[in-house]
Amino acid sequence: MSLWCRLVAIAICLSCSLPMGVIAVVAQSATIVLASEQEQNAAEQALNQGMQQFQANQFAAAIASWQTAQKLYQQAQNQTGAGTALFYLGMAYVTTNRYRDAISVLEPYLAIAPALKNPQQEAQALGNLGIAYKELGRYGQAISTHQQAGKLMRSLSDSAGLGKVLTNLGNAFESVGDYSKATIAYQQSLKIAQQLGDRIGESVALGNLGAIYATVGNDQEAISTLQTSLKLAQAIQYPSGQTSALLNLGSTYHALRKLDQAIPFYEKSLELARQLGDRHHEADALGSLGLVYEDKKDFAKALDYHRQRMEIVRSLDDPEAQAIALNNQAHTLLAAGKLAEAEANLR
């Protein structure tokens, strides 16, 4: 497998998605009516407690609270309350990369969403479902779901929501190799972010555009765009954006065979990912370091990085990442003259 193909396979994983539905509507539960005041108070308390926990980044606790709320509303045969809890659970599952769990709650939510008459929430749920589909390799469903979300966001004149949907739609197009449509989506997202003064959205869009430029071989444009994204992410103290930009800058220099320039970008990205507890980006940085050290003929170090990556991706529900990791590790084993190990690695 060529160097460029290996780098493209990694870069595709680095596009930033934006989970939909940051909690802002606490009054939603006030419209929910249960059979008894005691049940109502318990369900509303669990729902609101989950909101507070989510905003404090206590995701496991938030999920537990919303599961309790959903159960209480369901027992009371209150469709509105149960649907609200499912919506928030889907948001939390996407935020914590539990994509199969997200699908398991968002599909039932969307089945009843028209009856709930909350189009804003429905659009956000579609956006989150699209992310989950994409991350599990269900790209056709991801694209159609994001397109539905975008149509609904436009009907609501929700520019901020539309900007996020366009970013996520671009991710899905990128995953199927439709770089032209991905570029258009990212450019539209960038324009909206700039109009709204959304600096995080602007950094994400620039980073995604830079990754696209690198993928199609427009290296100088990629470097310029990624450096702009990195500087903006640093200025607004957005470490996740910094991690992605650093990693993609490393990949671009790597593709240009500037290996010693690529390594510091990869190493800084790995450091930030570990600080954030971002296992996906940590795995990507480790894999990229494995590739660059293979190209430097330091096979022992390359294999160590690949094995560290393999440990992480096996714990993640990401079949695409596992396939890439296995392929790249086998490639390094083959380059090191370990044919039997390489063959065993791919079985």
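Use the structure listed above.
A quick note: this is a predicted structure, and the numbers were derived from the prediction, not measured.

## Details of unusual backbone geometry
Point 1. Backbone geometry places Asn 97, a non-glycine residue, at a positive phi of 65°.
Point 2. Along the polypeptide, Asn 97 turns up in the loop between α4 (79-95) and α5 (99-116).
Point 3. For Asn 97, a relative accessible area of 30% corresponds to the partly exposed category.
Point 4. One non-glycine residue, Lys 117, lies in the positive phi region at around 55°.
Point 5. Assignment of secondary structure puts Lys 117 in the loop between α5 and α6 (119-135).

## Observations concerning the packing of helix α7 (residues 139-155) against helix α8 (residues 159-175)
Point 1. Between α7 and α8, the shortest axis-to-axis distance is 9 Å and the interhelical angle comes to 160°. Relative to α8, the element α7 lies roughly antiparallel. For the pair α7 and α8, the sense of crossing is left-handed. Contacts from Tyr 139, Ala 142, Ile 143, His 146, Gln 147, Ala 149, Gly 150, Met 153 and Arg 154 of α7 reach α8 at Gly 161, Leu 162, Val 165, Leu 166, Asn 168, Leu 169, Ala 172, Phe 173 and Ser 175.
Point 2. Its residues placed into classes, the contact of α7 with α8 shows 11 nonpolar, six polar and one charged.

## Observations regarding the environment of Gly 127
Point 1. With respect to the element layout, Gly 127 can be found in helix α6.
Point 2. A relative accessible area of 0% places Gly 127 in the buried class.
Point 3. The sequence separation of Gly 127 and Gln 148 amounts to 21 residues, and the corresponding C-alpha distance is 8.5 Å.

## A closer look at the packing of aromatic side chains
Point 1. Tallying each qualifying case throughout the model produces seven aromatic pairs.
Point 2. Ring plane angle 10° and centroid distance 5.5 Å describe the contact between Tyr 253 and Phe 265, whose orientation is recorded as stacked. Here Phe 265 lies in helix α13 (residues 259-276) and Tyr 253 lies in helix α12 (residues 239-255), a separation of 12 residues in the sequence.
Point 3. Judged by relative accessible area, Tyr 253 falls into the buried class, the value being 9%.
Point 4. Note on Tyr 293 and Tyr 305: the rings are 5.8 Å apart at their centroids and 15° apart in plane angle, and the pair reads as stacked. Residue Tyr 293 is found in helix α14 (residues 279-295), and its partner Tyr 305 is found in helix α15 (residues 299-315); the two are separated by 12 residues along the sequence.
Point 5. The exposure class assigned to Tyr 293 is buried, which follows from its relative accessible area of 9%.
Point 6. A relative accessible area of 15% means that Tyr 305 is categorised as buried.

## Overview of the packing of helix α9 (residues 179-196) against helix α10 (residues 199-215)
Point 1. For the pair α9 and α10, the least separation of the axes is 8 Å and the interaxial angle reads 155°. Judged by the angle between their axes, α9 and α10 are roughly antiparallel. The handedness of the crossing between α9 and α10 is left-handed. The residues of α10 that touch α9, namely those facing Tyr 179, Ala 182, Thr 183, Tyr 186, Gln 187, Ser 189, Leu 190, Ala 193 and Gln 194, are Gly 201, Glu 202, Ala 205, Leu 206, Asn 208, Leu 209, Ile 212, Tyr 213 and Thr 215.

## Details of the side chain of Glu 202
Point 1. Looking at where Glu 202 falls in the secondary structure, it is placed in helix α10.
Point 2. No salt bridge forms around the buried Glu 202; measuring N to O, its nearest opposite-charge neighbour Arg 199 is 5.0 Å away.
Point 3. Contacts of Glu 202, omitting those with residues within four sequence positions, involve Leu 190, Ala 193, Gln 194 and Leu 232.

## Section: the pattern of salt bridges
It is possible for side chains bearing opposite charge to pair when their charged atoms get close.
Point 1. Using the criterion set out here, one finds 10 salt bridges in the structure.
Point 2. Put simply, Glu 271 and Lys 268 hold a salt bridge, and the shortest N to O gap is 3.8 Å. One end of the pair is Glu 271 and the other is Lys 268, both in helix α13 and three residues apart, which spans about a single turn.
Point 3. Classification of Lys 268 as partly exposed rests on a relative accessible area of 37%.
Point 4. Measuring nitrogen to oxygen at the nearest pair gives 3.1 Å for the salt bridge that ties Arg 309 to Asp 284. With a gap of 25 residues between them, Arg 309 in helix α15 and Asp 284 in helix α14 connect regions that are remote in the sequence. Across the pair, Asp 284 and Arg 309 agree in class, each one buried.
Point 5. Because the salt bridges share partners, they merge into one network encompassing Arg 274, Arg 279 and Glu 282.

## Overview of the nonpolar core
Point 1. Membership of the largest hydrophobic core comes to 60 residues, with the highest contact counts inside it found for Leu 47, Trp 66, Tyr 88, Tyr 109 and Leu 110.
Point 2. When residues of this core are assigned to their parent elements, the largest contribution, 10 residues, is made by α4.
Point 3. Beyond its immediate stretch of four places on either side in the chain, Tyr 109 contacts Gly 83, Leu 86, Phe 87, Leu 116, Asn 118, Gln 121, Glu 122 and Ala 125.
Point 4. Formed by 28 residues, the second largest nonpolar core is a distinct cluster that contains Leu 230, Tyr 253, Ala 262 and Leu 272.

Thresholds applied
Residues numbered from 1 in each chain as written. Predicted model: local features only at pLDDT ≥ 70, side-chain atom pairs only at ≥ 80, totals over all residues. Heavy atoms only, no water. Helix = DSSP H or I, 4+ residues; strand = E, 2+ residues; numbered from the N terminus. Buried < 20%, exposed > 50% of the residue type's maximum accessible area, 1.4 Å probe, protein only. Axes fitted to C-alpha atoms, helices over the stretch in contact; angles between N-to-C directions. Parallel < 35°, antiparallel > 145°, perpendicular 65-115°, else oblique. Left-handed = near helix turned anticlockwise from the far one by under 90°. Contact = heavy atoms within 4.5 Å. Nonpolar A, V, L, I, M, F, W, Y, C, P; charged D, E, K, R; others polar. Phe/Tyr/Trp six-rings, centres within 6.5 Å; stacked < 30°, edge-to-face > 60°. Lys, Arg positive; Asp, Glu negative; His and termini not counted. Salt bridge = Lys/Arg side-chain N within 4 Å of Asp/Glu carboxyl O. Core = buried A, V, L, I, M, F, W, Y, C linked by side-chain atoms within 4.5 Å.

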